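# Observations on the three-dimensional arrangement
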Amino acid sequence: VQLQASGGGLVQAGGSLRLSCTASATSGRTFSSYDMGWFRQAPGKEREFVGGIMWSGGSTGYADSVKGRFTISRDNAKNTVYLQMNSLKPEDTAVYYCAAKFKSAVVAWDPLSYNYWGQGTEVTVSS
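Residues numbered from 1 in each chain as written. Predicted model: local features only at pLDDT ≥ 70, side-chain atom pairs only at ≥ 80, totals over all residues. Heavy atoms only, no water.

Further remarks concern the packing of aromatic side chains. Scanning the model with the defined rule gives seven aromatic pairs in all. With a centroid separation of 4.9 Å and an interplanar angle of 55°, the aromatic rings of phenylalanine 39 and tryptophan 117 are classed as tilted. A residue pair is termed long-range when its members are at least 10 positions apart, and phenylalanine 39 in strand β4 (residues 34-41) and tryptophan 117 in strand β10 (residues 116-117) qualify at 78 residues. Taken together, the aromatic side chains of Phe39, Phe49, Tyr114 and Trp117 make up a single cluster linked through ring pairs. Taking the ring centre of tryptophan 117 as reference, the NZ or CZ of arginine 47 above it sits at 4.8 Å. Taking the ring centre of phenylalanine 31 as reference, the NZ or CZ of arginine 74 above it sits at 4.5 Å. (Phe/Tyr/Trp six-rings, centres within 6.5 Å; stacked < 30°, edge-to-face > 60°. Helix = DSSP H or I, 4+ residues; strand = E, 2+ residues; numbered from the N terminus. Lys NZ or Arg CZ within 6 Å of the ring centre and 35° of its normal.)

So this is what it looks like as structure tokens:
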């Protein structure tokens, strides 16, 4: 599975961005066979879970640091998952990665659970 993330950029604190991640070459499976996740990695820090969405879009989960500000959605017909980020803060500055894992019964927060990763898109929030 190849994942292409886009939509990053520079934004002022309090602003919004929407990231997209489109899957191709889905290894003979449909996009709806995969749960999707968003992670981020700030300079000098470990990669951390931001949020995830199950294969059907019926269940989502978020890190406490973004809950209420970020929303994940997916369009299986377009092989795309989105991360809507509102009320951005300087501490949200990071490279954001999307990831895919074979579908399961719960949203996975552990990056080791994910099978495929995109290349990342950079988000910078200025104060």
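That was the structure; now back to the text.
This part takes up the sheet that holds strand β8 (residues 80-85). Spatially, four strands are ordered β1-β3-β8-β7 in an open sheet, and the strand pairing comes out antiparallel. Here the strands that pair on one side only, and so sit at the sheet edges, are β1 (2-6) and β7 (70-75). The sheet shows a mean angle of 15° between the axes of neighbouring strands, taken without regard to direction. Looking at chain direction, strand β3 (residues 17-24) and β8 are connected through six bridges and run antiparallel. What sits directly across from serine 20, in β8, is tyrosine 82. (Pairing = 2+ DSSP bridges. Axes fitted to C-alpha atoms, helices over the stretch in contact; angles between N-to-C directions.)

Mapped onto the fold, arginine 74 is located in strand β7. Its relative accessible area of 14% is what places arginine 74 among the buried residues. Filtering out sequence-adjacent residues up to four positions away, arginine 74 remains in contact with Phe31, Ser32, Tyr34, Asp35, Met36, Ile53, Met54, Trp55, Gly57, Thr80, Val81 and Tyr82. Among the polar contacts listed, one links the side chain of arginine 74 to the backbone oxygen of tyrosine 34, at a separation of 2.9 Å. Only 3.0 Å separates the side chain of arginine 74 from the backbone oxygen of methionine 54, close enough to count as a polar contact. (Buried < 20%, exposed > 50% of the residue type's maximum accessible area, 1.4 Å probe, protein only. Contact = heavy atoms within 4.5 Å. Polar contact = N/O pair within 3.5 Å; in protein donor to acceptor, adjacent residues only side chain to side chain.)

All right, on to the pairing of β8 then. Counting buried positions over the six residues of β8 gives five, a clear majority of the element. Across six bridges, the pairing between β7 and β8 is antiparallel. Of the residues in β8, the one forming a bridge with isoleucine 72 is leucine 83. Counting the residues that bridge the hairpin from β7 to β8 gives four residues, and of these asparagine 79 lies at a positive phi of roughly 55°.

Backbone geometry at asparagine 79 places phi at a positive 55°, although glycine is not the residue there. Within the secondary structure, asparagine 79 is located in the loop between β7 and β8. In this model, serine 87 sits at a positive phi of 50°, which is unusual for a non-glycine residue. Relative to the elements of secondary structure, serine 87 occurs in the loop between β8 and β9 (94-102).

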